[in-house]
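# Examining the three-dimensional arrangement
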Amino acid sequence: PSSKKAFITFVIGGPGSGKGTQCSKISEAFGFAHLSAGDLLRKEILSNSDNGVMICNTIKEGQIVPSEITVGLIQRAIESTDMDKFLIDGFPRSDENRIAFEKIVGVEPDLVLYFDCSEEEMVKRVLSRNQGRVDDNIETLKKRLEVFNEFNVPVINYYRGKGKVCKIDAVGTEEQVFEKVRPIFANLRY
Ligand code: UP5
Ligand code: MG
């Protein structure tokens, strides 16, 4: 990033809640760099790194990859761009993730977007996605939902206590959801 302080948004929500879809729209409309933690991990698997097999198995199990790995990838991605507004999609997934980011990167997010979606809708979306993801099957999806419920709620509560959470009702068409997201970014003063 430039010498100016970066603006960091964490984008969280369950599997299929629409994080990636809405981040693309925000990035296009408001010029944010979109860093998906899941995409960074999937690229790491494809790059044949030492950790690839472990990351792949963790994703297949719907569990959370060790924090240092994910934070390292996010930090490298932040440092390798000149942009200074970021959407960090799908991270942090646990208090441990959050604490590792604060410790290693040394900053807190300015904003936390939380896409609130019913389980029924998330299941429908993920199972009809068909992009060949190893975790888009009903068995893994059940685990992803369990892990989300157990570990994400503390993260949301922590940032809610700091007044940083914007909760968005994620049910509706992609355009309807984006109309709820847009004013948040349109009214930001960086
Ligand atoms: N869709 C989107 N919006 C819609 C709408 N409004 N109406 C109808 N359909 C809609 O959307 C999902 C599908 O729904 C798409 O087909 C879309 O067209 C449609 P998407 O925008 O992709 O939702 P998203 O919330 O991004 O879903 P995703 O499956 O990516 O969420 P996850 O959080 O499960 O996946 P992620 O890639 O973040 O993580 C995968 C795994 O990586 C994790 O389970 C974990 O094992 C690991 N991981 C870590 O360990 N640490 C991390 O920090 C990150 C990931
Ligand atoms: Mg996604």
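Since this is a predicted model, take the numbers as computed values, not measurements. Throughout this document, residue positions are counted from 1 along each chain, in the order its sequence is written. The order in which chains are written sets their letters, starting at A; the order in which ligands are written sets their numbers, starting at 1. In view of the model being predicted, local features appear only for residues whose pLDDT reaches at least 70, and side-chain atom pairs are presented and counted only at 80 or more, with totals across whole chains, interfaces and linings using the full set of residues. Side-chain metrics in this entry use all non-hydrogen atoms of the structure; hydrogen atoms and water are not considered.

Each helix corresponds to a stretch of at least 4 residues labelled H or I by DSSP, and each strand to a stretch of at least 2 residues labelled E; elements are numbered beginning at the N terminus. Of regular secondary structure, the protein possesses eight helices and five strands. Counting helices and strands in the order they occur from the N terminus, the protein gives β-α-β-α-α-α-β-α-β-α-α-β-α. Against the 2.2 N^0.38 benchmark of 16 Å for 190 residues, the protein shows a C-alpha radius of gyration of 16 Å, consistent with a compact globule. C-alpha extents for the protein along the principal axes are approximately 45 × 40 × 30 Å. Relative accessibility under 20% of the residue-type maximum defines a buried residue, over 50% an exposed one, and the middle range a partly exposed one, all with a 1.4 Å probe and only protein chains included. Looking at the protein residue by residue over its 190 residues, the buried ones come to 46%. In this analysis, two residues are considered to be in contact whenever any of their non-hydrogen atoms come within 4.5 Å of each other. Long-range contacts, defined here as pairs at least 24 residues apart, represent 78% of the contacts in the protein between residues at least 6 apart. Carbon together with sulfur atoms contributes 50% to the accessible area of the protein, which is approximately 9800 Å² in total. Charge counting treats Lys and Arg as positive and Asp and Glu as negative, with His and both chain ends excluded. Where a charge lies is defined by one atom per residue type: Lys uses NZ, Arg uses CZ, Asp uses CG and Glu uses CD. The distance from the centre of the 26 positive side-chain charges to the centre of the 28 negative ones in the protein is 3 Å. Here the radius of gyration uses the C-alpha set of atoms, whereas the globule reference equals 2.2 Å times the residue count to the power 0.38. Here, Shrake-Rupley sampling with a 1.4 Å probe gives the accessible areas, and only protein chains in the shown set may cover a residue.

Quick look at the site of ligand 1 now. The rule for a residue being near a molecule or strand is that one of its heavy atoms must lie within 4 Å of it. Neighbouring ligand 1 are 28 residues, the closest being Thr21, Gln63, Arg93, Arg129 and Arg144. In the model, an oxygen atom of ligand 1 is placed 2.9 Å from a nitrogen or oxygen of the Gly20 main chain. N or O atoms within 3.5 Å of each other form a polar contact, as long as, within protein, one can give a hydrogen and the other can take it, and as long as residues adjacent in sequence are counted only when both atoms are side-chain atoms. Contact between ligand 1 and Thr21: an oxygen atom at 2.5 Å from a side-chain N or O atom of the residue. Against a free-state accessible area of 1000 Å², the protein chains account for coverage of 87% of ligand 1. For the shell around ligand 1, the secondary-structure elements that each account for two or more residues are helix H1 (19-30) and helix H2 (37-46). Ranked by residues supplied to the shell around ligand 1, first place goes to H2 with four residues.

Looking now at H1. The span one expects for a helix is its residue count, reduced by one, times 1.5 Å. End to end, H1 covers 16 Å across twelve residues, agreeing with the expected 16 Å (1.5 Å per residue, within 8%). Those residues of H1 lying buried are Lys19, Gln22, Cys23, Ile26 and Phe30. Seen along its axis, H1 keeps its buried residues to an arc of 105 degrees; they face one direction. Where the residues of H1 are buried, they touch strand E1 (7-13), strand E2 (33-36), strand E3 (85-89), strand E4 (111-116) and helix H8 (174-186). Directions from the helix axis toward the C-beta atoms define the arc.

Our next topic: the pattern of salt bridges. Once their charged atoms are close, side chains differing in charge can pair, the charge on each being opposite to the other. Salt-bridge detection follows one rule: a side-chain nitrogen of Lys or Arg within 4 Å of a carboxyl oxygen of Asp or Glu. A complete count under the given rule lists 17 salt bridges for this structure. One salt bridge connects Arg42 with Asp39, and the closest N-O pair in it is separated by 2.7 Å. You can see Arg42 and its partner Asp39 sitting in helix H2, three residues apart, about one turn around the helix. For Asp39, a relative accessible area of 38% gives the class partly exposed. As a salt-bridge pair, Arg98 and Asp95 come within 2.9 Å of each other at their nearest N and O atoms. Pair noted here: Arg98 and Asp95 are both in helix H5 (residues 95-104), with a separation of three residues, about one helical turn.

Read these as layout, nothing more, since geometry by itself doesn't imply function.
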